[in-house]
Amino acid sequence: MCSPSTIISEAMMSEADETADGEDDDVVDRGTSARPVALVTGVGRRAGIAAALAERLAADGWDLAFSWWGPYDERVYGAPDPEGVDAVVEACAAAGARVARLPVDLAEADQAAGLVPAAAAALDAPVAALVLSHAESVDSSIATTTVEAFDRHVAVNARATFLMIQAYAEALRGPAAGVPRERRRIVALTSDHTAFNLAYGMSKGALDRIVLAAAKELADLGVAANLVNPGPNDTGWMTPEVVEMVLGRTPGGRLGTPADTAALVGFLCSPEGGWVNGQLLKSDGGFSLEV
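Bear in mind the structure is a predicted one, so any value in this text is a computation, not a measurement.

*Asks:* Can you tell me about the overall build of the protein chain, naming the residues and giving the values?
*Replies:* When you go through the protein chain residue by residue, the secondary structure sums to 9 helices and 8 strands. Here the protein chain holds 291 residues, and the buried ones make up 49% of them. Sequence-distant contacts in the protein chain: of pairs separated by 6 or more residues, those separated by 24 or more amount to 77%. For the protein chain, the computed accessible surface area is about 13,200 Å², with 56% contributed by carbon and sulfur atoms.

*Asks:* Summarise the packing of aromatic side chains; cite the residues concerned and give the values.
*Replies:* Aromatic ring pairs are defined here through the distance separating the ring centres and the angle between the ring planes. Enumeration over the complete set of coordinates arrives at 1 aromatic pair. Judged by centre distance (6.3 Å) and plane angle (85°), the ring pair of Y72 and Y77 falls under edge-to-face. Assessed through its relative accessible area of 13%, Y72 is described here as buried. By relative accessible area, which is 43% here, Y77 ends up partly exposed. Looking at R45, its charged tip hangs above the ring of Y77, at a distance of 3.9 Å from the centre. The ring of F287 carries the charged tip of R249 above its face, separated from the ring centre by 4.0 Å.

*Asks:* Outline the pairing of strand β4 (residues 99–103), supporting the account with residue identities and numerical values.
*Replies:* When a strand is regular, its side chains alternate between the sheet's two faces. Most of β4 is tucked away, with 5 of its 5 residues classed as buried. Alternating positions in β4 separate into two faces, V99, R101 and P103 on one and A100 and L102 on the other, with burial throughout. With 5 bridges joining them, strand β3 (residues 63–68) and β4 adopt parallel strand pairing. Bridging across to β4, W68 finds its partner in P103.

*Asks:* Tell me what's going on with the pattern of salt bridges, and back it up with residues and numbers.
*Replies:* Any two side chains of opposite charge can pair if their charged atoms end up close together. Counted according to the given criterion, the structure contains 9 salt bridges. Each of R35, D63 and R98 takes part in one network of salt bridges that share partners.

*Asks:* I'd like a description of helix α7 (residues 198–217), backed by residues and values.
*Replies:* Taking 1.5 Å as the rise per residue, α7 with 20 residues should run 28 Å; its terminal C-alpha atoms sit 29 Å apart, in good agreement. Lining the buried residues of α7 we find α6 (147–172), β6 (185–189), β7 (224–229) and β8 (280–282).

*Asks:* Account for helix α4 (residues 82–94), naming residues and giving values.
*Replies:* Compared with the 18 Å implied by 1.5 Å per residue over 13 residues, the 18 Å span of α4 between its first and last C-alpha is a close match. For α4, the full list of buried residues reads G84, V85, V88, V89, C92 and A93. A positive phi of about 100° marks G96, the residue just after α4.

*Asks:* Kindly report on the environment of R183, identifying the contributing residues and their values.
*Replies:* Mapped onto the elements of the fold, R183 is located in the loop between α6 and β6. In the structure, R183 is positioned 147 residues away from P36 in sequence and 7.5 Å away in space, judged by C-alpha atoms. Not counting chain neighbours up to four residues away, the residues in contact with R183 comprise P36, W62, A128, A129, C269, S270 and P271.

*Asks:* For the packing of helix α2 (residues 49–59) against helix α9 (residues 258–268), give the residues involved together with the corresponding values.
*Replies:* Between α2 and α9, whose axes approach to 8 Å, the crossing angle comes to 45°. Relative to α9, α2 is oriented oblique. As for how α2 packs across α9, the hand of that crossing is right-handed. Each of I49, A52, L53, R56 and L57 in α2 lies in contact with α9, whose residues at this interface are P258, A259, T261, A262, A263, V265 and G266. Taken together, the residues of the contact of α2 with α9 sort by class into 9 nonpolar, 2 polar and 1 charged.

*Asks:* Can you break down the environment of G266 residue by residue, with the values?
*Replies:* By the secondary structure assignment, G266 is in helix α9. For G266 and L57, which are 209 residues apart along the polypeptide, the C-alpha to C-alpha distance reads 6.1 Å.

*Asks:* Summarise unusual backbone geometry; cite the residues concerned and give the values.
*Replies:* For D124, which is not a glycine, the phi torsion comes out positive at approximately 55°. Along the chain, the position of D124 falls in the loop between α5 (109–123) and β5 (127–132). Its identity is not glycine, yet F196 carries a phi of approximately 65°, on the positive side. Position of F196 among the secondary structure elements: in the loop between β6 and α7. Accessibility expressed as a relative area gives 68% for F196, which makes it exposed.

*Asks:* Could you give me a rundown of the side chain of T235, with the residues and numbers involved?
*Replies:* Mapping T235 onto the fold places it in the loop between β7 and α8 (240–249). Not counting residues within four places of it along the chain, the set of residues in contact with T235 comprises R45, A47, G48, I49 and P258.

*Asks:* Break down the pairing of β6 for me, citing the residues and quoting the values.
*Replies:* When you tally the buried positions in β6, you get 5 out of 5 residues, the bulk of the element. Where burial is concerned, the two faces of β6 agree: the one with R185, V187 and L189 and the one with I186 and A188 are both buried. Bridge count between β5 and β6: 4 bridges; the pairing is parallel. In the sheet register, L130 faces β6, and the bridge partner there is I186. Regarding the hand of the β-α-β motif, the stretch spanning β5, α6 and β6 is right-handed. At this point the chain moves from β6, through α7, to the parallel β7, and the crossover so formed is right-handed.

Procedures and definitions
Throughout this document, residue positions are counted from 1 along each chain, in the order its sequence is written. Predicted model: local features are reported for residues with pLDDT of at least 70 only, side-chain atom pairs are reported and counted for 80 or more only, and whole-chain, interface and lining totals are derived from all residues. Only hydrogens and water are set aside when side-chain values are computed; all heavy atoms of the structure are taken into account. Only DSSP runs of H or I reaching four residues or more are called helices, and only runs of E reaching two or more are called strands; each is numbered from the N terminus. Each residue's exposure class comes from its accessible area (1.4 Å probe, protein chains only) as a fraction of the maximum for that residue type: buried when under 20%, exposed when over 50%, partly exposed otherwise. Contacts: residue pairs with any heavy atoms within 4.5 Å of one another. Methods summary: accessible areas were calculated by the Shrake-Rupley approach with a probe of 1.4 Å, and residue burial reflects only the protein chains presented. Each aromatic pair joins two rings of Phe, Tyr and Trp (for Trp, the six-membered one) with centres within 6.5 Å, and gets the label stacked for planes under 30 degrees apart, edge-to-face for over 60, and tilted for any other angle. To sit over a ring, a charge needs its Lys NZ or Arg CZ within 6 Å of the ring centre and within 35 degrees of the ring normal. DSSP calls a pair of strands paired once it identifies at least 2 bridges connecting them. For this analysis, a salt bridge means a side-chain nitrogen from Lys or Arg found within 4 Å of a carboxyl oxygen belonging to Asp or Glu. Given the number of residues in a helix, its expected span is that number minus one, multiplied by 1.5 Å. Each axis is a line fitted through C-alpha atoms, and for a helix only the stretch in contact is used; angles between axes span 0 to 180 degrees, taken between their N-to-C directions. Orientation labels follow simple angle bins: below 35 degrees gives roughly parallel, above 145 gives roughly antiparallel, 65 to 115 gives roughly perpendicular, and whatever is left gives oblique. Helix crossings get a hand from a simple test, with the near helix turned counterclockwise from the far one by less than a right angle marking a left-handed crossing and a clockwise turn marking a right-handed one. Lys, Arg, Asp and Glu make up the charged group, whereas Ala, Val, Leu, Ile, Met, Phe, Trp, Tyr, Cys and Pro make up the nonpolar group; the residues left over, Gly among them, are polar. Convention used here: a crossover is right-handed provided that the path from the first strand, over the helix, to the second strand proceeds clockwise when the strands point away from the viewer.

Structure, rendered in structure tokens:
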């Protein structure tokens, strides 16, 4: 049986074999190894929040490994966005970052468990920060949620998060012990969805508990762990009716953007953000305000 890191490495090789010139373009190197490494999950679409997170962290001086899973984008959005992923890679590389791309199905436990060591191996440097922006998100209610959908949401949103944090902590107690303490971060995106988005909201609730536990249990390692709820972000999914509703409820009078979320995550991952720990922060322009 192959190890998790072997499984992911083979996936990377398969992706590289499909390039026109035969070169391995899964690692783009235009930076310096002096930069800390952030693992950003869910970088599958140019318009998504994860892409903005990756570009912000690259601009802030991080090298990057990021994951995505094309079959999910095809299933949920109708098509994967490989050109979009390429554009994110180029933008990050232009900011001086080394970038490793790791296609991985986080519904598979062995692949989720192997992602942190695979990222470290791809960039030949330990992972300093986990930025968890992946999601399984398919709307369903109590009446319409199937067992398969329930299990997949739990596997991707909660179990994969647990396995990556577990692997990250194990690395910090071993081969990644040299990562500066002021760079040790976990930031995960969450949501307060419940009714009619049951499986997604339920699994994000479990994710919250896992990350908050990490804020306490990994304190001896100097890790600051936080959650960010970005609220409704304009990533191309909003209907005119949704836009009208969001604008009506947002005191700022505009839609939230991925760049808004990235600004907060960038701060949390900075040395100055280290004293913020164990928090669930809302970056929604006041959308959630109830007064």
